[in-house]
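Each chain, letter by letter, is given below.
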Protein chains: 2
Amino acid sequence: MASLARSTLRLRATSRFPVAARTLTTSPHLRAAAKPYFPDEPSAPKVVTTIPGPKNKAATAELDKVFDVRSLNMLTDYTKSIGNYIADLDGNVLLDVYAQIASIPVGYNNPHLRQVASSPEMVTALINRPALGNFPSADWAHVLNTGLLKVAPKGLNQVFTAMAGSDANETAYKAAFMYYRQQQRGGPQAEFTAEELETTMNNQAPGSPQLSILSFKSAFHGRLFGSLSTTRSKAIHKMDIPAFDWPQAPFPSLKYPLEEHAQENAQEEQRCLQEVERLIKEFHNPVAAVVVEPIQSEGGDNHASPAFFQGLRDITKRNNVLFIVDEVQTGVGATGKFWAHDHWNLQTPPDIVTFSKKAQTAGYYYGNPALRPNKPYRQFNTWMGDPARALIFRGIIEEIERLNLVENTAATGDYLFAGLERLAKQYPEHLQNLRGKGQGTFIAWDTPKRDEFLAKAKGVGVNIGGSGVSAVRLRPMLIFQKHHADILLESVEKIIKQL
Amino acid sequence: MASLARSTLRLRATSRFPVAARTLTTSPHLRAAAKPYFPDEPSAPKVVTTIPGPKNKAATAELDKVFDVRSLNMLTDYTKSIGNYIADLDGNVLLDVYAQIASIPVGYNNPHLRQVASSPEMVTALINRPALGNFPSADWAHVLNTGLLKVAPKGLNQVFTAMAGSDANETAYKAAFMYYRQQQRGGPQAEFTAEELETTMNNQAPGSPQLSILSFKSAFHGRLFGSLSTTRSKAIHKMDIPAFDWPQAPFPSLKYPLEEHAQENAQEEQRCLQEVERLIKEFHNPVAAVVVEPIQSEGGDNHASPAFFQGLRDITKRNNVLFIVDEVQTGVGATGKFWAHDHWNLQTPPDIVTFSKKAQTAGYYYGNPALRPNKPYRQFNTWMGDPARALIFRGIIEEIERLNLVENTAATGDYLFAGLERLAKQYPEHLQNLRGKGQGTFIAWDTPKRDEFLAKAKGVGVNIGGSGVSAVRLRPMLIFQKHHADILLESVEKIIKQL
């Protein structure tokens, strides 16, 4: 604790950050008065070696023998990580606003999750893994109803469970294709033709039809073959992998600050919507569904307005294609609403909403019973998810409710955004296109020296990720509070000064 | 226990099964002397209601409101399932030779796995789920080396971890495509061209090339878009889902008993091998890899000889395409060797071996370092598997080693096969094409009234699955012993007599 206190003092002593000065000049005791969710959390980051430090480097070389480590960020000591703080092997403890690529919601070593993970129910789920489609446990409906269905998006009361974001999206696409063809056939009672039955075994139409999913430029929906065909974020994700001939529409490229470019941005969104509708009407491989992220995340934190998404809902309705909202990264509270599409005030809900990441499990929600394929075993696989992870999600939901973490994220996000706005005025060259206002802590900005910015972040005690080619993306946990925001703001300024 | 004893007596009293009569006439005490791995296991199945019983039906109706139940087999009480026995909500306890579609290796509520699942290490893994490619835990190399790499197939010392069989196969395919194009470019140093970088963002060649994976008729490799394009088992799996234009070769259709059709079968295998080589040389979308199951499982339990697989290895080597062995269902001991391809005595190992199911986690093994893509983030996703499930696999491996379960499965399988051979002589119309000799308990046969056979099985106390259109497939756990085989043989005869 002595070193933590020193570190805190050191950070404070070098701070010339004006915005959060109020908080920063308070004593550690007063800071603690902010009622931290994790009472044992460090009060500040602790950086004791260059990062990666010597132990990290040695262990990485060992791991490299059997496991590709070229994307490795840091070898983590999870036993010493707590709340918003991630610890490495060398004793460095960083404020983590990347959170396992936006997938940790309620903090490292959350005490309630520890209880859930230690429960007899969890042990049973871990050691008796069911084939959920064939042999679900007798309490599976209860687990669903008290867990992931309790937070189901409005209007969507059913779920297909999956393993991760990619297969959540791909099973959603499959549901869309089956639904599309069922409508063409004239309903669920219509039988497959002999030609369909034969051609599908050869991967040929009409049994395996050349239908498509429309996605957007810069979108990210996963990396397996179907999801990767809708991913358009970076060439390195797609290179050398066969892809389906599916259409992509432009995603709005908005100008910031939004309030100064309202008309221009509205026109840009209209242009994109028109192109969506044109592609639906004209693309040579008929479009069964449109898939969109509420905020394009991996692709660079690209936002659009509620009006744009309302327009998408209208276009898909009127052209009778499904509207799939990919909430893998935006879901579970990070935008200050439980689901990011709650911001849109849609007249009718999306047809399908996919989830993963902060849910710690995955799948898709739907409401229309006709989206259940017309025969069993059309949408099926051995495990269809993992009840152990579904129990963790239930624990996360309980923790979110107990601590009002969605509200916390909305309020902390506003506070953080205001601080970043002030910084952007002070350092306009380093903090451009600040975005995510009113979107909880789902905040990003562009900076010309992005990779350098991210690399230097660890040195000042924060773990931050990027998105697209020039964005710094903030993805704190839902337990990120104003006193963490103060440390982050201070750190951002320190990094900028080093650039 | 009283009802168990009654049930046992009832089963015994009605038995006219000659083969296992020795065992069946022994007292329960003598039976127990066979040193069961699970001392608390029931000594026989217990059927107390029609199946599904009233509680099962009521609970299924409840689940149906939120989750597709049309593939539901039985709602399971996992707290009461033990060893080889699966319990339902109504108090029925069945001998389980389906084992969650071949995915439970060491028994329900295995005591050692219970310890693993209750360990502090497991709790940490459950509540601090890492993005394994970026922030693996400091002990990840240790977990791999003492777990899934300890049983790595000979010659393959590296692993890419995944979630389930489908993405294990699809990431293997991606590795194959990247490797293929890397060779075409002239090695790992060659940079992507501007045209490649541009076209891949539009899902077009050359960036997204029209390469293919060759699979076999009746194969099953998963249900996502890439894996489904190699799956050729049933139309219901593939219908309405867009597929890649990839080639399929015939899989040998062997005649049984093998010893009576040696020459004919050898010719059939040669015919199939020739067609594989022809397709590799001539198919319009160049073949980057051949994928094959050691025993086609979902597709009907179709076997081929070691010579066939040696031939495949030779053909793939000589044509410079990768040889991927899909051990998702055959792996982890069920065939009496840890990996089914251990039966083949290959001169050089497969390039890639995929696994899932009994491993309770998934991924692919490889040996050639050039199969690591030439740049980071080409083979990557957020979670890249689940350390909690990797810990379970390590516990399974420990249990397999402690109890010599692969040897047990080989011996029990021989015993069971001999019993089935005798039954096949007695009921030739009901037990055709018996196969899996010397393949552990990985045994199947064809029967004209297959679905009726499976439906009646529960009534006599066993849970059995099918494969293909006419096969009964046995997939007992690795803790299946001779006394279980006796019960199974007795039950098979009882079912046959009811048909």
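Residues numbered from 1 in each chain as written. Chains lettered and ligands numbered in written order. Predicted model: local features only at pLDDT ≥ 70, side-chain atom pairs only at ≥ 80, totals over all residues. Heavy atoms only, no water.

This brings us to the sheet that holds strand β3 (residues 158-162) of chain A. Residue and element names in this part refer to chain A. Reading across from one edge, β3-β9-β8-β7-β6-β4-β5 is the order of the 7 strands in this open sheet, with mixed pairing throughout. Every other strand in the sheet has two partners, leaving β3 and β5 (248-249) as the edge strands with one partner each. Both strand β4 (residues 212-216) and β5 contribute to a ladder of 2 bridges, which runs parallel. Bridge pairing links Ser 215 to Gln 248 in β5. (Pairing = 2+ DSSP bridges. Helix = DSSP H or I, 4+ residues; strand = E, 2+ residues; numbered from the N terminus.)

Taken together, the contact pairs 123 residues of chain B with 123 residues of chain A. When the area that chain B buries against chain A is broken down by residue, the three leading residues are Phe67(B), Phe135(B) and Asp240(B), summing to 8%. Arg181(A) is paired through a salt bridge with Asp240(B); the nearest N and O atoms lie 3.8 Å apart. In this structure, the connection of chain B to chain A is made through 74 residue pairs in polar contact (both at pLDDT 80 or more). (Contact = heavy atoms within 4.5 Å. Buried area = accessible area lost by both parts, 1.4 Å probe. Salt bridge = Lys/Arg side-chain N within 4 Å of Asp/Glu carboxyl O. Polar contact = N/O pair within 3.5 Å; in protein donor to acceptor, adjacent residues only side chain to side chain.)

With that settled, the discussion passes to the relation of the copies chain B and chain A. The two copies are related by a screw motion: chain B maps onto chain A through a turn of 180° and a shift of 0.0 Å along the axis, at an RMSD of 0.0 Å. Look at the turn and shift together and you get a two-fold axis relating the two. Taking C-alpha positions as the reference, the residue of chain B nearest the rotation axis is Phe225(B), at 2.8 Å. Same-surface contact between copies: 100% of interface residues of chain B are shared with the interface of chain A. (Least-squares fit on C-alpha atoms with pLDDT ≥ 70 in both.)

For the rest of this paragraph, the subject is the environment of Ile464(A). All names here are of chain A. Mapped onto the secondary structure, Ile 464 falls in the loop between β12 (462-463) and β13 (465-467). For Ile 464, a relative accessible area of 5% gives the class buried. Each C-alpha atom, one on Ile 464 and one on Pro 42, is 18 Å from the other, the two residues being 422 residues apart in sequence. If we skip the residues at most four places from it in the chain, Ile 464 touches Val 97, Tyr 98, Phe 453, Leu 454, Ala 457, Val 472, Arg 473, Leu 474 and Leu 488. (Buried < 20%, exposed > 50% of the residue type's maximum accessible area, 1.4 Å probe, protein only.)

This part is about the domain arrangement of chain A. Residues and elements named next belong to chain A. We note that the domain assignment places domain 1 (54-109 + 405-497) and domain 2 (114-402) within chain A. With both chains or domains summed, domain 1 and domain 2 bury close to 2300 Å², and 57% of this area falls on carbon and sulfur atoms. Linking domain 1 with domain 2 are 2 salt bridges, by the criterion used here. Note that Arg 473 is salt-bridged to Glu 298, the shortest N-O span being 3.2 Å. Linking domain 1 with domain 2 are 16 residue pairs in polar contact (both at pLDDT 80 or more), by the criterion used here. Elements represented by at least two residues in the side of domain 1 that touches domain 2 include exactly α5 (99-102), α16 (405-426), β10 (432-435), β11 (443-446) and β14 (471-474). (Domains from an automatic or database assignment.)

Tracing the sequence through the fold places Arg129(A) in the loop between α7 (120-127) and α8 (140-146). Within the structure, Arg129(A) has its side chain in polar contact with the backbone oxygen of Gly385(A) (distance 3.3 Å). Looking at Arg129(A), its side chain comes within polar contact range of the main-chain oxygen of Gln360(B), at 3.1 Å. Setting aside anything within four residues of it in sequence, one finds Arg129(A) in contact with Met163(A), Trp383(A), Gly385(A), Asp386(A), Gln100(B), Ile104(B), Gln360(B) and Arg389(B).

On to helix α14 (residues 306-318) of chain A, then. Residues and elements named next belong to chain A. End to end, α14 covers 18 Å across 13 residues, agreeing with the expected 18 Å (1.5 Å per residue, within 8%). Inspection of α14 places Phe 308, Phe 309, Gly 311, Leu 312, Arg 313, Ile 315 and Thr 316 among the buried residues, and these make up the whole buried set. Where the residues of α14 are buried, they touch β4, α13 (262-282), β6 (287-292) and β7 (322-326). Looking one or two residues beyond α14, the residue adopting positive phi is Asn 320, at roughly 55°. (Expected span 1.5 Å × (residues − 1).)

If you look at the biggest cluster of nonpolar residues, it comprises 229 residues, and the most contacted ones within it are Phe216(A), Tyr365(A), Phe216(B) and Tyr365(B). In this view, Phe216(A) contacts Arg232(A), Gln248(A), Ala249(A), Pro250(A), Phe251(A), Val276(A), Val290(A), Val291(A), Val292(A), Gln296(A), Phe308(A) and Leu312(A); residues no more than four positions away in its chain are not counted. (Core = buried A, V, L, I, M, F, W, Y, C linked by side-chain atoms within 4.5 Å.)

So, about the side chain of Asn110(B). By the element assignment, Asn110(B) lies in the loop between α5 (99-102) and α6 (111-117). Other than its neighbours up to four places away in sequence, Asn110(B) contacts Ile127(A), Phe38(B) and Glu399(B).

The subject of this paragraph is the pairing of strand β14 (residues 471-474) of chain B. Residues and elements named next belong to chain B. Both faces of β14 are covered, namely the face carrying Ala 471 and Arg 473 and the face carrying Val 472 and Leu 474. In the sheet, strand β11 (residues 443-446) pairs with β14 via 4 bridges, with the strands oriented antiparallel. Residue pairing in the sheet places Asp 446 in a bridge with Ala 471 of β14. Sheet analysis places strand β13 (residues 465-467) next to β14, joined by 3 bridges and oriented antiparallel. The partner of Gly 465 across the bridge, within β14, is Arg 473. Where β13 folds back onto β14 in an antiparallel hairpin, the turn is made up of 3 residues, including Gly 468, whose phi is positive at roughly 60°.

The next subject is the packing of aromatic side chains. Per the stated rule, a full pass over the model turns up 51 aromatic pairs over all chains. Ring centres of Phe216(A) and Phe308(A) lie 6.1 Å apart, and the angle between their planes is 70°; on these two criteria the pair is classed as edge-to-face. Residue Phe216(A) is found in strand β4, and its partner Phe308(A) is found in helix α14; the two are separated by 92 residues along the sequence. Plain terms: the ring middles of Phe308(B) and Phe309(B) are 5.3 Å apart, the flat faces sit at 80° to each other, and that makes the pair edge-to-face. Since its relative accessible area comes to 0%, Phe308(B) is described here as buried. These aromatic residues form a ring-pair network of at least three members: Tyr173(A), Phe177(A), Phe225(A), Phe244(A), Trp246(A), Tyr173(B), Phe177(B), Phe225(B), Phe244(B) and Trp246(B). Sitting above the plane of the Phe192(B) ring, Lys375(B) keeps its charged end 5.8 Å from the centroid. Here the guanidinium or amino end of Arg475(B) rests over the ring plane of Phe442(B), the centre of that ring lying 3.6 Å away. (Phe/Tyr/Trp six-rings, centres within 6.5 Å; stacked < 30°, edge-to-face > 60°. Lys NZ or Arg CZ within 6 Å of the ring centre and 35° of its normal.)

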